[in-house]
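# Descriptive analysis of the structure
What follows is each chain in one-letter form.
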Amino acid sequence: MTPPSGLCQSEKEAYQLIVNFMEPGQLSVTDKLSFLNAVLILSSVVRDQANGNMNNYYSKTLLAKKIETLILEEPIETLDSCVRQQAMLCIVALSQVKPPFHLCQKLDLVNVSITSLFALPLIMPSLDRKESASLYLQTTQALDDMLQALVMEDRSPDMLILQNFVEIILPWLMLSDQVHQQIRALGIISRLLRFVCNFSELLHMVSFSIMGRLIGTFSVFCLNPSQEISSGALEALYYLFTILVLQRSIRPNTETILKDLQKHFRGHWMANMQNLTLFFRKYLTPEERADVIIVAMEAMTGGDLNNALAATKMLKVILKCPVTEVAKVSEILQLIYYHVDRVTDKNVLSTLKKTFQLLVQSQPEEVILTLFKIQDQSQRGAHKSWEILASFPKGYQVLMEYLLQRLISPQTPKDQEAGYATKFSTLIVTRAIYELLLISSQRSEVQTFFASVFVALLFQISFLVTSGSTVTQDELREIEYVDPVSSSVEALKTLLRSSGYMDHMSHIQTLGTWELLVNLETHYDGVALLAKSLVVKKCWHNRPIFSFLIKTLEDPNCVHYFTALVFLTELLHCPDVAGAVDEVSTKILVEWFRHKESTTEHLFLQITEIFTKHKNTMRHFHILQPYLLSCCYSCSCELVMKTFLMLQRIVKDLSWHHASSFLTELAFTLAHFFEEESEQLRLIAFEIYGTILAKVSRMTLVFPLRHQILSLLILLVAHLKDVNTDVVEVCRVCLCNVATILGWSKFKVAFAKNDAFTILSALLQQERHKVLWFLKQSVALFKSRQDPIRQLAVWFTGQIIRDLDWAEIEEMEEEYLAFKYMKKDPDPIIRCLTEQTFYILEAKGTKMPAKTPLFCLCMRGIQRRVY
């Protein structure tokens, strides 16, 4: 083959030598060195040309392949020639000319060179092996030069190429059992990293994905028993930290950080571990942090005791400080899961638990999804993956608390505003709680969480039943599909069983509670029946459940408030729960009833009635009192009737000593309902009033009530003419009680009779000083819808007015004019009685100016209704 033109004689000879030696055949050491020297000469020629290209002279790929072959031919038992060294230097020269090496070519050359050098036996400097040791150092230097040349791309180190080189070298550190090979690997990597530190710009730094693995690996080897290995690892770690500082720190702080880093270089192990902790938290990405942990975990469970102890110490230092975020949770957790049972060393086991705790606290969702994933990989129906939590009680507690929070508040308003989407649905939460409850070794923990888990699951069932349950495709992929309602009910049943409530379960099942609970139309009946069952069977957790429900209702935005109130209503029947009621809890309940929803108002009446049955709750009854009395004035006729029926029941059992304030206020409230058109409501109002009067004695009669009793005296007498005979009887008994309370023994005989006219006549004779007060009460009855009552009121008013003098009539001008207006009453008897009275007054010469009092305007409305 003719040499290309333009070459001098020595260059032509070098070219011809290359051509000759490229032919197949065995070469002596001298021939190999001559060939390599010729490649150096030709590379120099190409490099000196402005647009030189090796392929213009000879194929660069073929030359590299030949050099690779020469390196492979070198014996790995001895180092007795400089062929390796020269071959590596030729690669350096070729890397400096065009065309550039392809990545696969670089990797082949590096792999062959590393293997050829690292496979050599240990070469120790000595007098008899001085030349061999020197040759080894020169060859090592040549390898360093080759790696540094090949890692460059456009005058900057390419981190992706570096990663490939390091991945070729790492097995000699990790898998070799020869100390000298591990030392060589650490040395080569350290010097390559040191070379990279000289450049401010690194290509593909973002894609350099083995940073975490390298930091973890070198940190473990820092504690190797071999001084040379530990020093080499420490040096490599130092250069990794330097690269991180140069690439990821804020520029003004870079120099200061590097100086601090230099202080600890080759210092005490703990000082370097403090640097590791700093870099772990501040400079590493979540993926890199995960890689550090994974490397440590693999070392702890790999069987090498030294590496296990070193990794344990490293992780302990790292995990002393809280870590914000760690990726690859699933991978780490699976490492723990598959190895925790095999670990015998207490320190290693303790560190595994610490790591698991970190994952649970920082990434609970990932932990739970991984446990489901492991469960799916195992035999169908097996729950072994969740048994790992038996080894980590604190992890169990953290997971349960997190699940409860997610179940009660699936997504916070902040998350919704930010558009935060999570694959962790309430269905998965419920399934996870179910799995946790099945762990038999955690029964004591279940007791601790019983109330909160019970309430959370009940709320979940209520939400699913009342709003309808849907399952997304993501949920179907995460876990095996089950009906959300059935899943929640099954979790609730498991909670009761695991807490020892087998008798309660049987009772609940017998009543058909579960069927009611999952039916939309009977759901709240099921909720009430479930609570009632707990009360009847004297559940140990009734009081904690009550406390948790009250805590839930503290939130004014609680979406499950109605379910909570329905359950609480029945739960308050439990004496233990009633004993736990305090002022705070009572006020919380009242706040929810202030919303004045018809459903909650009916619950309020039930709760109020329950309050009157226990000594402790009666202490806080006054808080309910204002709202209870306001229910009497509701726009809902149904609620008003239910309120009065409830009042009728509770007043019977209330003592004047404990409820005098309420009974007094109720007596004033009842006065507004004595003229109700509804006969049933009017009767109940009088019956309640009669019950109150029966509880009053002369000793307990105070001014407001005494005044009120006297203000209703004429009304009670008038209703002896009520069309409802039951009302008549109640009023007769009330009058007898009034006589007793007021000490009117002289009226007892008259009051015992049903003759209203006789009673009123007796009052006029015996209580002459109260006639003006009686007149006002009588005139008020002009608005009554019952003719007999108005007739009696007009008759009595006429009796009083006849005996009034001019001054008294002037004082009672409004009443006088109202009486005059009764001439227009639709009832003829009333008109006749009124006319008779005015005839008598005219005969006496008594006249009043004609006015239309406000009362009369009201009377016109009554007349229109009557007509």
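Keep in mind that what you see is a predicted model, and the values were worked out from it rather than measured.

### As for the overall build of the protein
Within the protein, the regular secondary structure consists of 47 helices and 2 strands. Taken over the C-alpha trace, the protein has a radius of gyration of 49 Å; the compact-globule value for 867 residues is 29 Å, which it surpasses by more than 25%. Counting only C-alpha atoms and orienting by the principal axes, one finds that the protein spans roughly 165 × 60 × 50 Å. Counting only residues that meet the buried cut, the protein has 55% of its 867 residues in that class. Restricting to contacts in the protein with at least 6 residues of sequence separation, those with at least 24 account for 72%.

### A few points about the pattern of salt bridges
A pair can form between side chains of opposite charge whenever their charged atoms are brought close. All chains considered together, the criterion is met by 24 salt bridges. Residue Glu-167 is joined to Arg-213 by a salt bridge in which the shortest nitrogen-to-oxygen separation is 3.8 Å. Of this pair, Glu-167 sits in helix α7 (residues 159–174) while Arg-213 sits in helix α9 (residues 211–221), and the two are 46 residues apart along the sequence. Accessibility expressed as a relative area gives 32% for Glu-167, which makes it partly exposed.

### Section: helix α35 (residues 656–670)
Between the first and last C-alpha of α35 there are merely 17 Å, a value that for 15 residues lags more than 12% behind the 21 Å anticipated at 1.5 Å per step. Along α35, the sharpest kink reaches roughly 40 degrees, centred on Phe-662. Residues of α35 that are buried include every one of Trp-656, Ala-659, Phe-662, Leu-663, Thr-664, Leu-666, Ala-667, Thr-669 and Leu-670, and no others. Elements in contact with the buried residues of α35: α32 (615–618), α33 (621–630), α34 (637–653), α36 (679–695) and α37 (703–711).

### Section: the packing of aromatic side chains
Within the structure shown, the criterion is met by 23 aromatic pairs. Consider the rings of Phe-674 and Phe-686, whose centres lie 4.2 Å apart with planes at 15 degrees: the pair is stacked. Here Phe-674, found in the loop between α35 and α36, pairs with Phe-686, found in helix α36; they are 12 residues apart in sequence, far enough to count as distant. The two residues Phe-674 and Phe-686 agree in class, both being buried. A network of ring pairs unites the aromatic residues Phe-450, Phe-454, Tyr-501, Trp-540 and Phe-567 as a single cluster. Positioned over the ring face of Phe-101 is Lys-60, at 4.2 Å from the centre of the ring. Positioned above the aromatic ring of Phe-838, the side-chain terminus of Lys-823 is 4.3 Å from the ring centre.

### Focus: the environment of Ala-780
Along the chain, the position of Ala-780 falls in helix α42 (residues 771–780). A sequence separation of 144 residues divides Ala-780 from Ser-636, and the C-alpha atoms of the two residues are 26 Å apart.

### Let's talk about the nonpolar core
Counting 316 residues, the largest nonpolar core has Phe-454 and Phe-567 as the members making the most contacts within it. Ranked by residues supplied to this core, first place goes to helix α21 (residues 443–467) with 14 residues. Among all residues touching Phe-454, those that are not within four sequence positions of it are Leu-492, Leu-495, Leu-496, Leu-530, Leu-534, Ile-545 and Phe-567.

### Re the packing of helix α1 (residues 9–21) against helix α2 (residues 29–48)
Contact geometry of α1 with α2 gives a least axis separation of 8 Å together with a crossing angle of 130 degrees. When the axes of α1 and α2 are compared, the pair comes out oblique. As for the relative orientation of α1 and α2, their crossing is left-handed in sense. Where α1 approaches α2, its residues Glu-11, Ala-14, Tyr-15, Leu-17, Ile-18 and Phe-21 are matched on the opposing element by Asp-31, Ser-34, Phe-35, Ala-38, Val-39, Ile-41, Leu-42 and Val-45. Looking at the contact of α1 with α2, its residues break down into 11 nonpolar, 1 polar and 2 charged.

### Topic: the side chain of Arg-682
Within the secondary structure layout, Arg-682 lies in helix α36. Note on Arg-682: relative accessible area 2%, which makes it buried. Ignoring sequence-local partners within four residues, the contact set of Arg-682 consists of Phe-673, Phe-674, Glu-675, Glu-676, Glu-677, His-719, Asp-722, Val-723, Asn-724, Val-727 and Gln-786.

### Some remarks on the confidence of the model for the protein
Taken as a whole, the protein shows an average pLDDT of 86; of its residues, 90% reach a score of 70 or greater. Across residues 411–422 the pLDDT falls below 50, and counting only partners more than four positions away or on other chains, this stretch makes 6 contacts in the model. With pLDDT under 50 throughout, residues 475–479 is counted as low confidence; its partners more than four residues away or in other chains account for 13 contacts.

### Regarding helix α27 (residues 542–553)
The end-to-end C-alpha distance of α27, which contains 12 residues, comes to 17 Å, matching closely the 16 Å that a straight helix rising 1.5 Å per residue would cover. Those residues of α27 not exposed but buried are Asn-542, Ile-545, Phe-546, Phe-548, Leu-549, Ile-550, Thr-552 and Leu-553. If you follow the buried residues of α27, they end up packed against α18 (393–408), α21, α26 (523–536), α28 (561–571), α29 (575–578) and α30 (583–593).

### Topic: the side chain of Glu-365
As for its placement among the helices and strands, Glu-365 is situated in helix α17 (residues 364–377). One polar contact links Glu-365 to Arg-406, side chain to side chain, over a distance of 2.6 Å.

### Things to note about the environment of Gln-9
When you line up the elements, Gln-9 lands in helix α1. Separated by 528 residues in the primary sequence, Gln-9 and Lys-537 place their C-alpha atoms 111 Å from one another.

### Here we look at the environment of Val-367
Counting through the fold element by element, Val-367 comes out in helix α17. Residues Val-367 and Phe-356, spaced 11 residues apart in sequence, show a C-alpha to C-alpha distance of 9.0 Å. Once you skip the residues sitting within four places of it in the chain, Val-367 turns out to touch Val-329, Leu-333, Phe-356, Leu-359, Val-360 and Leu-399.

### Side note on unusual backbone geometry
Cis geometry marks the peptide bond from Lys-98 to Pro-99, where omega comes out at -5 degrees. Summarising the element assignment, Pro-99 is placed in the loop between α4 (83–95) and α5 (103–118). Look at Asp-154: it is not a glycine, yet its phi comes out positive at around 55 degrees. Structurally, Asp-154 can be placed in the loop between β1 (152–153) and β2 (156–157). If you check the backbone angles, Lys-328 has positive phi at about 55 degrees while not being a glycine.

What counts and what doesn't
- Residue numbering note: each chain is counted from 1, following its sequence as written.
- Totals for whole chains, interfaces and linings use every residue, but because this is a predicted model, local features are given only for residues with pLDDT of at least 70 and side-chain atom pairs only at 80 or more, for both listing and counting.
- Here the side-chain values reflect all heavy atoms present in the structure, with hydrogen atoms and water set aside.
- Under the DSSP-based scheme used, a helix requires at least four consecutive residues in state H or I and a strand at least two consecutive residues in state E, with every element numbered from the N terminus.
- Computation of the radius of gyration draws on C-alpha atoms, with the globule rule given as 2.2 Å multiplied by the number of residues to the power 0.38.
- The cut-offs for exposure are 20% and 50% of the maximum accessible area for each residue type, with area from a 1.4 Å probe on protein chains only; residues under the lower value are buried, those over the upper are exposed, and the others partly exposed.
- By definition, residues are in contact when any of their heavy atoms lie within 4.5 Å.
- When a carboxyl oxygen of Asp or Glu is within 4 Å of a side-chain nitrogen of Lys or Arg, the pair counts as a salt bridge.
- Expected span of a helix, by definition, is 1.5 Å for each gap between consecutive residues, and there is one gap fewer than residues.
- Two axes enter the bend calculation: one fitted to the seven residues ending at the residue in question, the other to the seven starting there, and the bend is the angle between them.
- Note on ring pairs: Phe, Tyr and Trp rings are taken, using the six-membered ring of Trp, and paired if centres are within 6.5 Å. Classes follow the plane angle, with under 30 degrees stacked, over 60 edge-to-face and the rest tilted.
- Consider the ring centre and the ring normal. A charge sits over the ring if Lys NZ or Arg CZ is within 6 Å of that centre and within 35 degrees of that normal.
- In this description, a nonpolar core means a group of buried Ala, Val, Leu, Ile, Met, Phe, Trp, Tyr and Cys residues linked to one another through side-chain atoms lying within 4.5 Å.
- Axis definition: a line fitted to C-alpha atoms, limited for helices to the stretch in contact. Angles are taken between N-to-C directions and run from 0 to 180 degrees.
- Angle categories: roughly parallel below 35 degrees, roughly antiparallel above 145, roughly perpendicular from 65 to 115, and oblique for all the rest.
- Handedness of a helix crossing follows the sense of rotation of the near helix relative to the far helix, less than a right angle counterclockwise being left-handed and clockwise being right-handed.
- Following the grouping adopted for this structure description, the nonpolar residues are Ala, Val, Leu, Ile, Met, Phe, Trp, Tyr, Cys and Pro, the charged ones are Asp, Glu, Lys and Arg, and the polar ones are all others, Gly among them.
- Within a predicted model, pLDDT stands for the predictor's per-residue confidence, ranging from 0 to 100.
- Identification of polar contacts relies on pairs of N or O atoms within 3.5 Å, with a donor-acceptor requirement for protein atoms, meaning one able to donate a hydrogen and the other able to accept it, and with residues adjacent in sequence counted only if both atoms are side-chain atoms.

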